[in-house]
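These are the residues of each chain, in order.
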Amino acid sequence: MLLPSHLLPTLVLLLGESSGWAWVPNLCRTPSEAMCNFVCDCSSCSDETQCGYDGTSPPPGAPFTCDFEQDSCGWRDISTSGYRWFRDRAGAVSEGPGLHSDHTLGTDLGWYVAVGIHRGKEASTAALRSPVLHEAAPTCKLRLWYHAASADVAELRLELTHGTETLTLWQSSGPWGPGWQELVVATGRIRGDFRVTFSATRNATHRGAVALDDVAFWGCALPTPQARCPLGHHHCRNKACVELHQLCDGDDNCGDSSDEDTPTCSHHMSTDFETGLGLWKLSEGWTRNHSAGGPARPAWPRRDHSRNSAQGYFLVSMAEPGVPAVLSSPEFQAPGPYNCSLVFYYYLHGAETSCLQLFLQTQSPSAPQVPILLRRRHGELGAAWVRDRVDIQSEHPFRVRPARAALGGQAGGPGGPSETPHPLQPQGVCEPGHLSCGDLCVPPEQLCDFQQQCEGGEDEQECGTTDFEPPTAGGWEDASVGRLQWGRLLAQDSGDSGTSGAAAGHFLSLQKAWGQLTAEARVLTPPLGPSGPHCELHLAYHFQSHPQGFLALVVVEGSTRELVWQAPSSNSGSSRRGWKVDTVLLGARRRPFQLEFVGLVDLDGPGQQGAGVDNVIMKNCSTSVATKRDTEVSCNFERDMCGWHTGHLTDAHWHRMESRGPGYDHTTGYFVLLNPTDPPARGPGGHLLTQPQMPTASEECLSFWYHLHGPQIGTLRLVMRQDGKADTYLWSQSGTHGNCWHEAWATLHHQMDSGAQYQLLFQGLRDGYHGTMALDDVALRPGPCWAPKRCSFEDSACGFSTGGLWTRQTNTTGRAAWGPSTDHTTETAQGHYMVVNTSPQTLPRGHIASLTSEEHRPLAQPSCLTFWYHLSLQNPGTLQVHVEEAERRQVFSISDHGGLAWRLGSVDVQAQRAWRVVFEAVAAGVERSYMAVDDLLLQDGPCPRPASCDFETGLCGWSHLPWPDLGRYSWDWSSGATPSRYPQPPVDHTLGTDAGHFALFETSVLGPGGRAAWLRSQPLPATEASCLRFWYQMGFPEQFYKGELRVLLRSARGQLAVWGAGGHRRHQWLEGQVELASSEEFQIVFEATLGGQPSLGPIALDDIEYLAGQRCQLPAPSQGDTAVATSVPAAVGGALLLLVLLVLLGLLGRLWLRKKGGCPSPGRTVAAAPGFDNILFNADQVTLPALVTHNP
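Note that the structure is a prediction, hence the values are computed from the model and not measured.

From N to C terminus, the protein includes 2 helices and 66 strands. By residue count, 53% of the 1192 residues in the protein fall in the buried class. A total accessible area of about 51800 Å² is found for the protein, and carbon and sulfur atoms account for 53% of it.

A word on the sheet that holds strand E65 (residues 1082-1090). Taken in spatial order, the 4 strands line up as E60-E65-E62-E63 in an open sheet, and their pairing is antiparallel. Sheet topology places strand E60 (1013-1016) and strand E63 (1054-1062) at the edges, where each strand pairs with a single neighbour. Ignoring strand direction, the axes of neighbouring strands in this sheet form an average angle of 25 degrees. Sheet topology places E60 next to E65; 4 bridges connect them, and they run antiparallel. In the sheet register, Trp1014 faces E65, and the bridge partner there is Glu1087.

Let us look at the side chain of His750. Counting through the fold element by element, His750 comes out in the loop between strand E45 (742-749) and strand E46 (759-765). A residue is classified by how much of its surface remains accessible, and His750, at 10% relative accessible area, is buried. Those residues in contact with His750, other than ones at most four positions away along the chain, are Pro695, Ala697, Ser698, Glu700, Met720 and Tyr758.

Under the criterion given, the structure shown has 17 disulfides. The disulfide bridge from Cys236 ends at Cys254, spanning 1.9 Å between sulfur atoms. The sign of the -70 degrees torsion about the S-S bond sets the Cys236-Cys254 disulfide as left-handed. With a gap of 18 residues between them, Cys236 in the loop between strand E14 (233-235) and strand E15 (241-243) and Cys254 in the loop between E15 and strand E16 (270-271) connect regions that are remote in the sequence. On the basis of relative accessibility, which here comes to 4%, the residue Cys236 falls in the buried class. Here Cys535 connects covalently by a disulfide to Cys621, the sulfurs 2.0 Å from one another.

Looking now at empty space enclosed by the protein. Empty space left among the atoms is revealed by rolling a probe the size of a water molecule over them. Estimates place the volume of the largest cavity at around 70 Å³. Lining the largest cavity are 15 residues; nearest its centre among them are Arg377, Ser480, Gln485, Ala513 and Gly515. In terms of residue count, the dominant contributor to the lining of the largest cavity is strand E24 (residues 386-392) (3 residues). The class makeup of the residues in the lining of the largest cavity is 6 nonpolar, 4 polar and 5 charged. Shared between two domains, the lining of the largest cavity takes at least three residues from each, and those domains are domain 2 (275-406) and domain 3 (441-450 + 459-488 + 506-569 + 577-625).

The next subject is the confidence of the model for the protein. When pLDDT drops low, the exact placement of atoms in the prediction is not to be read closely. When pLDDT is averaged across the protein, the result is 81; 80% of the residues are at 70 or more. Below a pLDDT of 50 lies the segment residues 405-427, which in the model reaches 55 contacts outside its immediate sequence neighbourhood of four places, other chains included. Segment residues 1118-1138 is flagged for pLDDT under 50; beyond a separation of four residues in sequence, or across chains, it makes 32 contacts in the model.

Turning to the nonpolar core, a few remarks are in order. When a protein is soluble and globular, its nonpolar side chains tend to lie buried together. Counting 42 residues, the largest nonpolar core has Trp85, Leu156 and Leu158 as its most contacted members. Ranked by residue count, the leading element in this core is strand E12 (residues 190-202), at 5 residues. In this structure, Leu156 is in contact with Tyr146, Ala148, Trp170, Gln171, Ser172, Trp176, Phe198, Ser199, Ala200 and Val210, ignoring residues within four places of it in sequence. Phe1001, Leu1015, Leu1045 and Leu1076 belong to the second largest nonpolar core, which has 41 residues in total.

With that out of the way, let us pick up the side chain of Glu700. Relative to the assigned elements, Glu700 resides in strand E42 (residues 699-712). Look at Glu700: it is buried, it has no salt bridge, and the nearest opposite charge is Arg781 at 9.9 Å. In this structure the side chain of Glu700 is engaged in a polar contact, spanning 2.8 Å, whose partner is the side chain of Thr696. Among the polar contacts made by the side chain of Glu700, one reaches the side chain of His750 at a distance of 2.8 Å. Setting aside anything within four residues of it in sequence, one finds Glu700 in contact with Pro695, Ala746, Thr747, Leu748, His750, Tyr758, Leu780, Arg781, Pro782 and Gly783.

What follows is about the packing of aromatic side chains. The full count for this structure, using the stated rule, is 36 aromatic pairs. On the numbers, 5.9 Å between centres and 40 degrees between planes, the contact of Phe344 with Tyr346 is tilted. With a relative accessible area of 2%, Phe344 lands in the buried category. Summarising the aromatic geometry, the rings of Phe704 and Tyr706 are spaced 6.4 Å apart at their centres and angled 55 degrees between planes, so their arrangement reads as tilted. This pair shows no difference in class: Phe704 is buried, exactly as Tyr706 is. Through a chain of ring-to-ring contacts, the aromatic side chains of Phe793, Phe800, Phe867, Tyr869, Phe892 and Phe919 assemble into a single cluster. Taking the ring centre of Tyr670 as reference, the NZ or CZ of Arg656 above it sits at 4.0 Å. The cationic tip of Arg717 hangs over the ring face of Tyr729; the distance from NZ or CZ to the ring centre is 4.4 Å.

The subject of this paragraph is the environment of Gln461. Tracing the backbone shows Gln461 in the loop between strand E27 (440-442) and strand E28 (477-478). For the pair Gln461 and Gly474, spaced 13 residues apart in sequence, the C-alpha to C-alpha distance is 6.7 Å. Ignoring any residue separated from it by four or fewer positions in sequence, one finds Gln461 in contact with Gly456 and Gly474.

Looking along a regular strand, one sees the side chains alternate between the two faces of the sheet. Residues of strand E20 (residues 325-328) alternate between two faces, with Ala325 and Leu327 on one and Val326 and Ser328 on the opposite face, all of them buried. Here strand E17 (residues 281-282) runs beside E20; their pairing, made up of 2 bridges, is antiparallel. Bridge assignment links Leu282 to a residue of E20, and that residue is Leu327. With 2 bridges connecting them, E20 and strand E25 (residues 398-404) associate as antiparallel partners. Opposite Ala325, over in E25, you have Arg404 as the bridge partner.

About the thresholds
- Residues numbered from 1 in each chain as written.
- Predicted model: local features only at pLDDT ≥ 70, side-chain atom pairs only at ≥ 80, totals over all residues.
- Heavy atoms only, no water.
- Helix = DSSP H or I, 4+ residues; strand = E, 2+ residues; numbered from the N terminus.
- Buried < 20%, exposed > 50% of the residue type's maximum accessible area, 1.4 Å probe, protein only.
- Areas by Shrake-Rupley, 256 points an atom, 1.4 Å probe, with all protein chains shown as cover.
- Pairing = 2+ DSSP bridges.
- Axes fitted to C-alpha atoms, helices over the stretch in contact; angles between N-to-C directions.
- Contact = heavy atoms within 4.5 Å.
- Disulfide = S-S within 2.5 Å.
- 1 Å grid on protein atoms, 1.4 Å probe; cavity = no way out; pocket = protein on both sides within 12 Å on 5 of 7 lines; lining within 4 Å.
- Points joined across faces, edges and corners; volume = space filled by probe spheres on them.
- Nonpolar A, V, L, I, M, F, W, Y, C, P; charged D, E, K, R; others polar.
- Domains from an automatic or database assignment.
- pLDDT = per-residue confidence, 0-100.
- Core = buried A, V, L, I, M, F, W, Y, C linked by side-chain atoms within 4.5 Å.
- Lys, Arg positive; Asp, Glu negative; His and termini not counted.
- Salt bridge = Lys/Arg side-chain N within 4 Å of Asp/Glu carboxyl O.
- Polar contact = N/O pair within 3.5 Å; in protein donor to acceptor, adjacent residues only side chain to side chain.
- Phe/Tyr/Trp six-rings, centres within 6.5 Å; stacked < 30°, edge-to-face > 60°.
- Lys NZ or Arg CZ within 6 Å of the ring centre and 35° of its normal.

Okay, structure coming up:
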């Protein structure tokens, strides 16, 4: 059958597998059909505001994104039960999903939408619906990020409603991984109005917490009318411009279907399978079907391409795995020099082993020829219809035969047609997916595991290492679905002087393609791994592009993608052209992972733009590869990382860094650093670990220096791992420990007769986002460690001997038989402490339960040992503390009824030899009584008076625990001489030099509407009058006046503000004092907060002195410092008097201004009066007006 030239038979194919709301008015008066159509008709893009987009006009190619930072962008909750969506940020709502960060910013300052915890006993669904959107182009896709744990929700669903039909674009019942997950769904061409709905369904066994962020519509705008079209474009009936290759391709690219109508496509034959097969012939294994009704098939598309409807028909392969399914076209002839072009859409989703092949069967006069492979696509390409095109030139009549075949036997590199025929091969003797080599059948999980199974190494041949000379391309498979693809190319055929001659033979090159979904091209290896820590990838590459282009290597592990390498930016005018080489450390990774090259260049742009990859070699990737450095646990990081390596299970990584000044590195030179937000990380944290080690003794001591600094830094934890055993937590610290290095150590316990190896792992947990954590001078030696200087009991008993009566306990279930409801370290039920039951049936009256530490090393100077204790309401007896050196001496004793609060105990210790500390509980024989101990700390210097501190050796018992309700921020501790990423006073007040220390808080981290940070004293007894003195500094520019420092009294009755200052003075320590009175036990709280929008500037404290039972004396002013002393009643009286005077003055002034005609109307602009310093007093809900409490 002869057809006219430029024949375009269009085939639609399927490959399946058998197995608080805001609204902003539109100020630009555009027609209703021009609103919410992904085109900014107004210069400010106000016609698209609240259309799932909140921003100014995006640059060309940018998506219409809602990040929920300002409002909900028109998305609204349509739930019909108490299970509902709301706009939230980390910690802002107690019933939220409990996230630590959003996806946009990666911190707790970012916003998202979420459904909170729901405790209903019936199943319920929370639905979030987009605004009404108008028209979507064939290239439109929706990309969003969601957060859900398998225990939280039963099902997630994304639906699209247009006309009377609702399509399910995506549905999942999990399991879902940790952290934010990406979802990309192609919507296809949508005519008229439509809505998108994201829903979460829970049942009685699920909490129901789900979050959604960064919802973006990509490539959804139809082309706009143009007076003239560029060269090589078609002018549509509606004046839009489309490229010539988009004509008669089965997609409405113009928006009015004029590119697909009969006049334009009169010389083309199209088959959409809506009414039948046309001229195509089915063989066994194919059937015509649709998605509406019938049993659900996960691998089937949920809609066809022609109508974008579940009612639309397509062809689907129904063959069993391993059985080819072949479809045959009518006989065609392409006369003369013209090509016959075949355009088709295919769907390849649901299995990595699925394979679609397109064969050319020519009919010569003598005999039929062997089928020629024209196109091969393999693997997972996503739940979308992908366009493709092949051009055929044949001297003889021919047929096109699409076939679904099992993976194996057929060869062909990624991208274009193969140069050699590849007939269909029969199934081998091994099971599908297994590799046959000799007498072996290698299972899929042992292919590409960097461990050779076959004698000839066939199981490791197609695993990424290649020079791209064989047609199989080393196992790299093109997975592109857009205008670019990866394909093998001869260097002399590239037409680029920068590649020809520089690399002989074939290389992997970016080439033009016919897909319509995404711009970038992707090519992937088969599943790999596991890999060892020394695994490297060596490559040669060339890259020439304008700034918007890129060439990158990504590691794909499940739903996560980690960028591990990117070619330096280049442009067509660069003098450094040609091939370059590079090495990428891949490190230790679990199986399965894949390597993916991603590239984007403008092949039609000016200059010779292009990208290519060659000579890819993977070295030292076996987990059995070992070097001498692997046993080097002791390391100062001056030379390299020794035996430590970075884990790649998350996207936050430890980096070896060079010191940036005195005091930054613990010794000199280098250390390892983890910054939880640089580069922007979304994973749970970073891992630094050793290779498996053989123990040298039954006990080993690991010592190290650590640095935890910042107003919201996370947790640093030391873990020991052994095969077949649960992780052993050896040590951990959370939150800031000041801008200085601390020494810590932990004892490792081994069973020498077992021969088991172990790994050490430092986990930097990403539960904070402002600050850094660092490690240096790690040392491992035989024998046990000294007792630790600091113990929170969170990970272990710190070596204490319990005598069988003291126990390490947590109250997570809320059903603990005895002990406080929360610990002191975290002030949560999940925290740990040591407790002893002093009830008579456990510990009779007068009996003693001892808690004895390991040996502490001798002290070079007098030191202070602090601890927190908790006594039950029923009299438990006496808590005694003894120090054992050459002899035993009692240093502390308390006999009292307890309460709800933890209390601070402190003892001065001097010991020239090894010593131990012993806590003794002497029981009183009272039922339901107990004693508990938590948070031991040994510091240099004598113990300070209660609630007093000069901060030279630490915080002196002042607690800077971050509170979730206040934003999880902490006061910090530093000195002017220590380098810091945050501004701080150059000198302290105590010493007046940069060597002195102080407490400080950087308010800029709070963000817009940010909360506060508290510095709390130990519980103090009731007092009729006591004086609190302190020195403070506020480093804000005068024109900003942002920071606020307040003093609160906090007791069981609530909290009371008794002093406050808003400051703008720079580099000046000021004295503050306030007289305190309380009829019950209380705490003093220093609160740092903002009085407006964020501004860079610290609030610092020094030389806090609490004079119990002494009234404040008003000091004589000196050196320009402000000194204020007052009592709370006087403050209230003064505040009321001042308030009355201000009201009277305001009324008189208003009358005078009216007489003078000078009172400004609300619309006038009035110059702000200069600010002044003031002190704020709040008591008994009496608050001064803003004019007094805040500077203008």
